[in-house]
Amino acid sequence: MSETLASDRPQTPMQAIMDPASRADPYPLYEQLREKPVWHEPDGSYVISRYEDVARLIRDPRLSVEPQNSPRGGQGLSFLNMDPPAHDRLRRMTMRHFGPPNDPGRVEAMTPALEAMVTSLIDAVRGQDRIDVVANVSYPFPVTVIADLLGVPREDEPRFHAWAEGIVQSQDRDPREPGRRTESAEKAFQELAGYMFDLISQRKGAPRDDMLSRLVNDDGPDGVMEPGEMISVSVLLLLAGHETTVNLISNGMLTMLRQPHLLQLLKDNPAIAPGFVEEMLRYEPPVHFTFRGALCDLDVGGETIPKGSALQLILASGSRDPRRFERADTFIADRPNNQHLGFGSGIHACFGAPLARLEGQIALKEMARRLVNPRLLQDPPPYRFNPTLRGPRALPVAIDGVLP
Amino acid sequence: MSAPCDVVIVGASLAGLRAAEALREGGYAGRLTLVGDEPHAPYDRPPLSKQVLSGWVRPQETFLPRLHPIAGAWRLGVAASGLDTAAQRVDLADGTALDYDRLIIATGTRARPWPVEAEAGLGGMHLLRTLDHAAALTAALEAKPSRVLVVGAGFTGSEVASACRDRGIEVTVVEQGSTPLAAVLGPVVGGHAAILQRRAGVDLRCGVSVTSLFGDVQGRVRGARLSDGNVVEADVVVACLGAVRNTEWLAGSGVQAGPAGVPCDAACRALSADGAPTDDIFVCGDVSHFHHPLAGERRIALEHWGNAINQARVAAANLLRPGSATNATALPAFWSMQFGANFKSVGLPSHGEQVMIVQGALETGRFVAAYGRGGRIVGAIAVNQAQWLPFYEQQILAGAAFPPDWRVVDQPQGATPQPAGFPGATPGAAYAGA
Ligand SMILES: Cc1cc2nc3c(=O)[nH]c(=O)nc-3n(C[C@H](O)[C@H](O)[C@H](O)COP(=O)(O)OP(=O)(O)OC[C@H]3O[C@@H](n4cnc5c(N)ncnc54)[C@H](O)[C@@H]3O)c2cc1C
Ligand code: HEM
């Protein structure tokens, strides 16, 4: 946030968390947050950080995600920022093309294609003794996946990457109107929307085997999407598939490089990848907060949060709450009963979770198996600005070779 | 009283099995005997009217998972016929007897039989409570009857009708009340259930009763005469008239028992004739009759899967360590699947005086209805909206106001409380409710 420059003395843990200097390790600050159930911030918002509270509130129908009710959140990203019934309708219409009950097995069927992509990305660094995990694997892999899934031409990647970065990593919101995108972010959004509009128009009547074609040509039980709805849904999917899984893979590799016994564990037992990735989503999650607006007065931890307030739910703190997780600050590859908050919960729970899990498993397994003696060259690595979608900008690693 | 070393459990179904497991899990190392009049190992009943009838699961695939080794003696296929509390002895129908120092009563309920004996004996007449019933009814449906008549549209009857439509079988449902599920959810939500039935092609007749059944010369049922003068022809009739509590074997035993069940306190202890709780006899599951804070002074019976499990745990805990557990804090919860819709409730909808749609809309088939009594919310039912129920559970436990003063997403404009419309205490038209 613009008012919290690194040079300001932060008054609250949350202000310190926003400071880019805290990006590499926000966890001690989360611990401070959890000392109180509710923090009333100077900007008027309320911060909630304990597992039980976050898990309950994220499923509480008295909280809204609509921009007009949620003074701090709300990028206006399709159904991510809609309440029911509009949310449910659009999510159902989109989900139809992505999983059960209408399209079961779609994600699983992608396994061979995903494996082939990771194989070729790792093949491409053969002969190098230094790689950047972000640029070489974590970024291109999920971006290619979501582009292919939607039917966005891979060769347009530089264009939509610039737009996505402009929207997600924009340094501050419009100070005149909190919740609004800045002008540069708005411009990027408009350009991306226009690009999507063109693609969708091409697919209308000339379908290919991709999700845009199915969205535009399908007439399911909920009818047909309006063109505007289709554009914002596809922008949401592109961004959600773009800015999250990259961090799962980078954070995962970083964690394994810092704790080499984990790297060895996954290398020796690739079959544990599902539980391993689940724990990664708890321990170093790609999405740290989410925002809601109170539709009426709420009691939380003995305090009244008045109607109209913004709430910041700190998912990443809840997932590290020792009241819920034993040895919460330790990575336990086979942690039982691991109901982390990495994908959120309730009606907005991550739509792409099955795909994201599969991507994470394949990428981490293959890097653990094929990279010979990987060593972290910079610890902590440089981080991206965004405190919510938190992850390294680059992850330089030295290697002694690449196995076939 | 000495420590337990000889526990007998009568009723070897959900509650009995889970009580036995909880005893062992709680460290009980003494003798343990389970008596059940059915010949089968414990099995699960909810699938019988759902996946089994629809053909997704075979009847013999419903056996209950075992959560803990029991190391007990099983007396299956033999009923308990009497109880002598002074001698601490259970008499069995085969003439033998079992001594106990602690007894758990978990005899549940049975399907209310068709009231006219001659008609009840017609071929093609079915009840649905047991595995054998489900196997027989499934076989009858597989034989592609020309029409099935379901008498009683509580949860069981509605689910049977739903399974028939899944199989493409013509079905007529006759219900005395004004809508299906009226006795358990009231006519407002029941009206939606009626729409679901009709949309699925059910020939639904409400406000009507069956006056008699008629058969052919071979003694097979051919159809029914209705109170409105109409006749329905059907070659399969399923009587879904609710449940009768299995308490006859307790007559004259010194513990209270009757048509309403076996009364017990919040520790699941049975009551002796003077109303004082016994310290050696416990009750759990569908047969129990107990106080719940939500229901005030009235005792209730809950024919709910979750309640059977919960009371089994409470009974076992108090048997081993008196006073260590209570059933008073658990909120009743219940579910049903019919006509592609998921019904899920918390609290006690049937105790509501008023009902109000609090999220969604009846017309969309996705909604939550809340039930209020005395200015408090006492229950909620979600139809295809189960994700919100934890919130309503919290509100019920917190004694939140009714009509609610909150604002929630998807709140209908201008919704107001309406009379819940329960016909009073109708004895068991279905397996849920009081
Ligand atoms: C078709 C059907 C569908 C259902 N669906 C749902 C649902 O969707 N959701 C839900 O919450 N609940 C549902 N229920 C209710 C749920 O199954 C019951 O709440 C549960 O079975 C209660 O378990 P119980 O052990 O108390 O009683 P029961 O299951 O009735 O078991 C009692 C056992 O004791 C035996 N017994 C009786 N008398 C004697 C005697 N004298 N001696 C020895 N043994 C005796 C009986 O034969 C029986 O085996 C359904 C029930 C039925 C029948
Ligand atoms: C590891 C990778 C990912 C993580 C950690 C993640 C996390 C999350 C979280 C926490 C939410 C809930 C947001 C909230 O409640 O405010 C969410 C929602 C969402 N995610 Fe993901 N996500 C990931 C990958 C993906 C992918 C690959 C896709 C697309 C294919 C995707 C699509 C979505 C969508 C569409 C929503 C909005 C759902 C709704 O509002 O109903 N996500 N994600």
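Residues numbered from 1 in each chain as written. Chains lettered and ligands numbered in written order. Predicted model: local features only at pLDDT ≥ 70, side-chain atom pairs only at ≥ 80, totals over all residues. Heavy atoms only, no water.

Undergrad: Looking at this structure, I do not really get the overall build of chain A. What am I missing?
TA: For chain A, the count of helices and strands is 16 helices and 10 strands. Its C-alpha radius of gyration of 21 Å places chain A within 12% of the 22 Å reference for a compact globule of 404 residues. Referenced to the eigenvectors of the C-alpha coordinate spread, the extents of chain A come out at roughly 60 × 55 × 40 Å. Scored against the burial criterion, the 404 residues of chain A give a buried share of 59%. Summarising the internal contacts of chain A: among those between residues at least 6 apart in sequence, 70% fall at separations of at least 24. Surface summary for chain A: the accessible area is close to 16600 Å², and the carbon and sulfur share equals 53%. (Helix = DSSP H or I, 4+ residues; strand = E, 2+ residues; numbered from the N terminus. Rg over C-alpha atoms; globule rule 2.2 N^0.38 Å. Buried < 20%, exposed > 50% of the residue type's maximum accessible area, 1.4 Å probe, protein only. Contact = heavy atoms within 4.5 Å. Areas by Shrake-Rupley, 256 points an atom, 1.4 Å probe, with all protein chains shown as cover.)

Undergrad: I'm lost on the sheet that holds strand β4 (residues 80-84) of chain B in this one. Help?
TA: Two pairing modes exist for strands in a sheet, parallel and antiparallel, and in both the strands are linked by backbone hydrogen bonds. All names here are of chain B. Here we have 3 strands laid out as an open sheet, ordered β4-β5-β6, and antiparallel in their pairing. Two strands bound the open sheet, and with one partner strand each, they are β4 and β6 (97-99). Shown here is a sheet whose adjacent strand axes are inclined to one another by a mean of 20°, direction ignored. Relative to β6, strand β5 (residues 89-92) runs antiparallel, the two being bridged by 3 bridges. By the bridge assignment for β6, Asp-91 is matched with Ala-97. (Pairing = 2+ DSSP bridges. Axes fitted to C-alpha atoms, helices over the stretch in contact; angles between N-to-C directions.)

Undergrad: It is not clear to me how the site of ligand 2 should be interpreted in this structure. Could you clarify?
TA: All names here are of chain A. Residues in contact with ligand 2 amount to 27 residues; listed here are only the nearest, His-87, Arg-91, Thr-290, His-348 and Cys-350. Residue His-87 places a side-chain N or O atom 2.6 Å away from an oxygen atom belonging to ligand 2. In the model, an oxygen atom of ligand 2 is placed 2.7 Å from a nitrogen or oxygen of the His-348 side chain. Considering each element in turn, the shell around ligand 2 owes the most residues, 4 residues, to helix α11 (residues 227-242). For the shell around ligand 2, the class distribution of residues is 16 nonpolar, 9 polar and 2 charged. (Near = heavy atom within 4 Å. Polar contact = N/O pair within 3.5 Å; in protein donor to acceptor, adjacent residues only side chain to side chain. Nonpolar A, V, L, I, M, F, W, Y, C, P; charged D, E, K, R; others polar.)

Undergrad: I tried to follow the packing of helix α12 (residues 245-258) of chain A against helix α16 (residues 353-370) of chain A on my own but got confused; where do I start?
TA: Helix packing geometry: the angle between the two helix axes and the distance between the axes. Residues and elements named next belong to chain A. The geometry of α12 relative to α16 is characterised by a closest axis approach of 10 Å and an angle of 35° between their N-to-C directions. Pair α12 / α16 crosses with right-handed handedness. On α16, the residues that touch Thr-245, Leu-248, Ile-249, Gly-252, Met-253 and Met-256 of α12 are Ala-356, Glu-359, Gly-360, Ala-363, Leu-364 and Met-367. Classifying every residue of the contact of α12 with α16 by side-chain character gives 8 nonpolar, 3 polar and 1 charged. (Left-handed = near helix turned anticlockwise from the far one by under 90°.)

Undergrad: Would you explain the coordination of the iron atom of ligand 2 in this entry?
TA: Each pair of donors in an ideal four-coordinate tetrahedral metal site encloses 109.5 degrees, whereas pairs in an ideal six-coordinate octahedral site enclose 90 or 180 degrees. Looking at the iron atom of ligand 2, one finds just one donor atom contributed by the protein, Cys-350 of chain A (SG), at 2.3 Å. Here Cys-350 of chain A shows up in the loop between α15 (315-318) and α16. (Donors = N, O, S within 2.8 Å, 3.2 Å for Na, K, Ca; no water.)

Undergrad: Would you take a moment to explain the pairing of strand β21 (residues 288-291) of chain B for this structure?
TA: Side-chain direction in a regular strand flips from residue to residue, so the side chains alternate between the two faces of the sheet. Here strand β18 (residues 262-264) of chain B pairs with β21 of chain B via 3 bridges, running parallel. The partner of Cys-264 of chain B across the bridge, within β21 of chain B, is Phe-290 of chain B.

Undergrad: How should I be thinking about the packing of helix α1 (residues 14-25) of chain B against helix α7 (residues 305-320) of chain B in this particular structure?
TA: Residues and elements named next belong to chain B. At a minimum axis separation of 8 Å, α1 and α7 run at an interaxial angle of 35°. As for how α1 packs across α7, the hand of that crossing is right-handed. Contact residues: Leu-14, Ala-15, Arg-18, Ala-19, Ala-22 and Leu-23 in α1; Trp-305, Ala-308, Ile-309, Ala-312, Arg-313, Ala-316, Leu-319 and Leu-320 in α7. Here the contact of α1 with α7 is composed, by residue class, of 12 nonpolar, no polar and 2 charged.

Undergrad: I would appreciate a short explanation of the site of ligand 1 in the present structure.
TA: All names here are of chain B. Within the structure, ligand 1 sits among 31 residues, and Asp-37, Glu-38, Arg-45, Lys-50 and Asp-286 are positioned closest to it. Ala-15 is positioned with one of its backbone polar atoms (N or O) 2.8 Å from an oxygen atom of ligand 1. At 2.7 Å from an oxygen atom of ligand 1 is found a side-chain nitrogen or oxygen belonging to Asp-286. For ligand 1, the protein covers 96% of the area, taking 990 Å² as the surface of the free molecule. At the level of secondary structure, the elements contributing two or more residues to the shell around ligand 1 comprise α1, β2 (31-36), α7 and β23 (333-338). Looking at the shell around ligand 1, its residues break down into 14 nonpolar, 10 polar and 7 charged.

Undergrad: Any chance you could explain the interface of chain A and chain B here in plain terms?
TA: The figure often quoted for interface size is the accessible area lost as the parts come together. Tallying the contact residues gives 15 residues for chain A and 14 residues for chain B. Interface area, chain A with chain B, both sides summed: about 1300 Å², of which 62% is carbon and sulfur. Between chain A and chain B we count 0 salt bridges in total. Inspection of the chain A/chain B interface yields 1 residue pair in polar contact (both at pLDDT 80 or more). If you list the elements that add at least two residues to the side of chain A that touches chain B, you get β3 (63-64) and α4 (86-95) of chain A. Residue classes in the side of chain A that touches chain B are distributed as 7 nonpolar, 1 polar and 7 charged. (Buried area = accessible area lost by both parts, 1.4 Å probe. Salt bridge = Lys/Arg side-chain N within 4 Å of Asp/Glu carboxyl O.)

Undergrad: Where do I start with the packing of aromatic side chains in this structure?
TA: For any pair of aromatic rings, geometry is given as the distance between the ring centres together with the angle between the planes. The tally for this structure, following the rule as stated, stands at 15 aromatic pairs over all chains. Summarising the aromatic geometry, the rings of Phe-98 of chain A and Phe-351 of chain A are spaced 5.1 Å apart at their centres and angled 5° between planes, so their arrangement reads as stacked. Of this pair, Phe-98 of chain A sits in the loop between α4 and α5 (111-123) while Phe-351 of chain A sits in the loop between α15 and α16, placing them 253 residues apart in sequence. As far as burial versus exposure is concerned, Phe-98 of chain A and Phe-351 of chain A are alike and both buried. Through a chain of ring-to-ring contacts, the aromatic side chains of Phe-155, Trp-305, Phe-334, Trp-335 and Phe-343 of chain B assemble into a single cluster. In this arrangement the basic side chain of Lys-36 of chain A is found over the ring face of Trp-39 of chain A, its NZ or CZ atom lying 4.2 Å from the centre. Between the NZ or CZ atom of Arg-324 of chain A and the centre of the ring of Tyr-51 of chain A, over which it lies, the distance is 5.2 Å. (Phe/Tyr/Trp six-rings, centres within 6.5 Å; stacked < 30°, edge-to-face > 60°. Lys NZ or Arg CZ within 6 Å of the ring centre and 35° of its normal.)

Undergrad: I keep staring at unusual backbone geometry and nothing clicks. Help me out?
TA: Negative phi characterises most residues that are not glycine, and trans characterises most peptide bonds. Residue and element names in this part refer to chain A. With an omega of 5°, the peptide bond running from Pro-84 to Pro-85 counts as cis. On the secondary structure map, Pro-85 appears in the loop between β3 and α4. Here the residue pair Asp-379 and Pro-380 is connected by a cis peptide bond, since its omega of 0° sits within 30 degrees of zero. Take Pro-380: it is sitting in the loop between β9 (375-376) and β10 (396-398). Even without being glycine, Ser-78 reaches a positive phi, approximately 45°. Position of Ser-78 relative to the elements: it lies in the loop between β3 and α4. Owing to a relative accessible area of 3%, Ser-78 belongs among the buried residues under this scheme.

Undergrad: What is the right way to look at the pattern of salt bridges in this model?
TA: If charged atoms from side chains of opposite charge come close, those side chains can pair. Taken as a whole and judged by the stated rule, the model has 37 salt bridges over all chains. The residue Glu-229 of chain A makes a salt bridge to Arg-89 of chain A at a minimum N-O spacing of 3.0 Å. Note that Glu-229 of chain A is positioned in helix α11 and Arg-89 of chain A in helix α4, a separation of 140 residues in sequence. For Arg-89 of chain A, a relative accessible area of 24% corresponds to the partly exposed category. One salt bridge in this structure joins Lys-50 of chain B and Glu-159 of chain B, with 3.2 Å as the shortest N-O distance. Of the two residues, Lys-50 of chain B sits in the loop between β2 and α2 (51-54) while Glu-159 of chain B sits in helix α5 (residues 155-166), which places them 109 residues apart along the sequence. Through salt bridges with shared partners, one network takes in Asp-123, Arg-126 and Arg-370 of chain A.

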